[in-house]
Amino acid sequence: EKKEAAAVLLLDSILHDARSKKATDIHIEKNCVRFRINGRLERGEELVEERVCELVQRIKLLAGMNVIEKHRCQDGRFVYGSRDPIFVRVSTVPVIGKNYLGSESLVMRLLDTSRVPLDLKHLGFNEDQLCGIDEILKAKNGLVLVCGPTGAGKSTTVAAVLLEMEKRESEKLKIISMEDPPEYVIPGVSQIQVDENHFTSYDEALAHVFRQDLDVIMIGEIRDEITAGVALRAALTGHLVFATLHTSGPGEAILRLENLGLERKLLASILRATICQELDYKDEEIFLCADLAIPKAKFGSLVEKFMSEEELDDLFIHLTNFSEAFNKTLDDLKSGKYKRKVLLPGGMYGQKIHKRIG
């Protein structure tokens, strides 16, 4: 009983700490707890072996998982807190290695019901990009992709875009989001939790959603042939579709969706824009590096003739804030604010930034 009480208190402490730090994920592995904050993992409390095992058992029990099973992947969920509750999605996978005190890696995704998306104007897009997004929001149908790596703020951008649409149209549009699971509470948007393990698939949900007389739909993450097909079908039937995708640019997005079974000609007819983004870190500051890519006039007739990612990238008009990132870093370096020498945002956009800035 003492061990169980200690595990309860430890979990409460970890979840409270994560919430105060606005963490999106909690990783429990080896002998420590790590928090994902603004896209980056930060080391938290170190634990002894006995406490790790007790903590993992407590979490698995709350999440409705098999406490004894340690050699198979498991998924579960639970709700933490009575006031402003957090929905916690739990994932465990078996791991090997002498450095691991337990036999599992456990990750909790925190979905704060009180969290409302930021205003679109406060995310870090420049004026040209905001004007471009403004034109996209006027489209009656088509597909808009928000691309980037894990922790790039894709869900935040999509949520802010949907919130902006809802504000502008003042309840004149029926907006539905399908996510696994929803990460933000978006006022005025009908949000559906898609859970293929327990409830329904994207494909099944879409069949019912079409009967809802909707105008705009958001499809969480395009991760396989089914979700890619769902996005295509929704866009082809006269709806404006927003979706996230783990790619680094518009050219790669086309190749990725083609690999998932979408015909390039059909994709070209519905693609309205891609927003490719990544978060850059300079000490305590976060800067959004974004490329709003809009298909050029002859995009549809030319897209089938080119095969490389770079050739496809050239078929888009690129509105970026890379120059602002570059100039801001230079100013900070001149002022002596940063000791380390960082001239441009890094990561997957390194070469692209050089190209766009010229």
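Please read these numbers as outputs of a predicted model, since none were measured by experiment. (Residues numbered from 1 in each chain as written. Predicted model: local features only at pLDDT ≥ 70, side-chain atom pairs only at ≥ 80, totals over all residues. Heavy atoms only, no water.)

Right, let's talk about the overall build of the chain for a bit. Secondary structure summary: the chain contains twelve helices and 14 strands in total. Relative to its 358 residues, the chain shows a buried fraction of 46%. Summing over all exposed atoms, the chain offers an accessible surface of approximately 18,100 Å²; the carbon and sulfur share of this is 50%. (Helix = DSSP H or I, 4+ residues; strand = E, 2+ residues; numbered from the N terminus. Buried < 20%, exposed > 50% of the residue type's maximum accessible area, 1.4 Å probe, protein only. Areas by Shrake-Rupley, 256 points an atom, 1.4 Å probe, with all protein chains shown as cover.)

Let's shift gears to the environment of Glu-311. As for its position among the elements, Glu-311 is in helix α10 (residues 309–313). Looking at Glu-311, the relative accessible area reads 34%, which means it is partly exposed. Measuring from C-alpha to C-alpha, the distance between Glu-311 and Gly-251 comes to 7.6 Å, with 60 residues separating the pair along the chain.

Of note, Leu-61 is situated in helix α2 (residues 49–62). Residue Leu-61 is classed as exposed on the basis of its relative accessible area, which comes to 52%. When the C-alpha positions of Leu-61 and Arg-77 are compared, they lie 9.9 Å apart, and in sequence the two are 16 residues distant.

Turning to the side chain of Thr-156, a few remarks are in order. Its location among the elements puts Thr-156 in helix α4 (residues 154–169). Once residues within four sequence positions are removed from consideration, Thr-156 is found in contact with Leu-123 and Tyr-184. (Contact = heavy atoms within 4.5 Å.)

Attention shifts here to the pattern of salt bridges. Summed over all chains, the structure comprises eleven salt bridges. Close ionic contact of Asp-25 with Arg-109 constitutes a salt bridge, the shortest N to O distance being 2.6 Å. With Asp-25 in strand β1 (residues 25–29) and Arg-109 in strand β6 (residues 104–112), the pair connects residues that are 84 residues apart, well separated along the chain. A salt bridge links Asp-134 to Arg-168; its shortest N-O distance comes to 2.2 Å. Of this pair, Asp-134 sits in helix α3 (residues 127–136) while Arg-168 sits in helix α4, and the two are 34 residues apart along the sequence. On the basis of relative accessibility, which here comes to 21%, the residue Asp-134 falls in the partly exposed class. (Salt bridge = Lys/Arg side-chain N within 4 Å of Asp/Glu carboxyl O.)

This part is about unusual backbone geometry. Of note in this structure, Lys-22 is not a glycine but carries a positive phi near 60 degrees. By the element assignment, Lys-22 lies in the loop between α1 (2–20) and β1. A residue is classified by how much of its surface remains accessible, and Lys-22, at 70% relative accessible area, is exposed.

Another aspect to go through is the side chain of His-318. With respect to the element layout, His-318 can be found in strand β14 (residues 316–320). In this structure the side chain of His-318 is engaged in a polar contact, spanning 2.9 Å, whose partner is the side chain of Asp-291. Within polar-contact distance, the side chain of His-318 engages the backbone oxygen of Asp-313 at 2.7 Å. (Polar contact = N/O pair within 3.5 Å; in protein donor to acceptor, adjacent residues only side chain to side chain.)

Right, let's get into the nonpolar core. Within the largest apolar cluster, 39 residues are counted, with the highest numbers of intra-cluster contacts made by Leu-143, Leu-145, Met-178, Ile-217, Ile-219, Ile-222 and Leu-257. Among the elements that line this core, the one with the most residues is helix α6 (residues 225–236), at six residues. If you look at the next biggest cluster of nonpolar residues, it comprises 29 residues, including Ile-133, Ala-159, Phe-242 and Ala-273. (Core = buried A, V, L, I, M, F, W, Y, C linked by side-chain atoms within 4.5 Å.)

Let us now look at the pairing of strand β8 (residues 175–179). For β8, the buried fraction is high: five of the five residues fall into the buried class. Residues Ile-175, Ser-177 and Glu-179 point to one face of β8 and Ile-176 and Met-178 to the other, with burial holding for every one of them. Sheet analysis places β8 next to strand β10 (residues 216–221), joined by four bridges and oriented parallel. The residue of β10 that forms the bridge with Ile-175 is Val-216. Where β8 lies against strand β9 (residues 190–193), four bridges are found, and the strand directions are parallel. Across the sheet, the residue bridging to Ser-177 is Gln-191, located in β9. (Pairing = 2+ DSSP bridges.)

Let us look at empty space enclosed by the protein. Evaluation of the coordinates by the stated rule reveals one cavity of 30 Å³ or more. Here the largest cavity is characterised by a volume of approximately 30 Å³. (1 Å grid on protein atoms, 1.4 Å probe; cavity = no way out; pocket = protein on both sides within 12 Å on 5 of 7 lines; lining within 4 Å. Points joined across faces, edges and corners; volume = space filled by probe spheres on them.)

What follows concerns the packing of helix α5 (residues 202–209) against α6. Interhelical geometry of α5 versus α6 gives an angle of 20 degrees and a closest axis separation of 9 Å. As far as their axial angle goes, α6 and α5 are roughly parallel. Here α5 runs over α6; the crossing is right-handed. Contacts between α5 and α6 pair Tyr-202, Asp-203 and Leu-206 from the former with Ile-226, Thr-227, Val-230 and Arg-233 from the latter. (Axes fitted to C-alpha atoms, helices over the stretch in contact; angles between N-to-C directions. Parallel < 35°, antiparallel > 145°, perpendicular 65-115°, else oblique. Left-handed = near helix turned anticlockwise from the far one by under 90°.)

Here the focus is α2. Taking 1.5 Å of rise per residue, the 14 residues of α2 would be expected to cover 20 Å, and the 20 Å separating its terminal C-alpha atoms lies within 8% of that figure. Backbone geometry just after α2 places Gly-64 at a positive phi near 75 degrees. (Expected span 1.5 Å × (residues − 1).)

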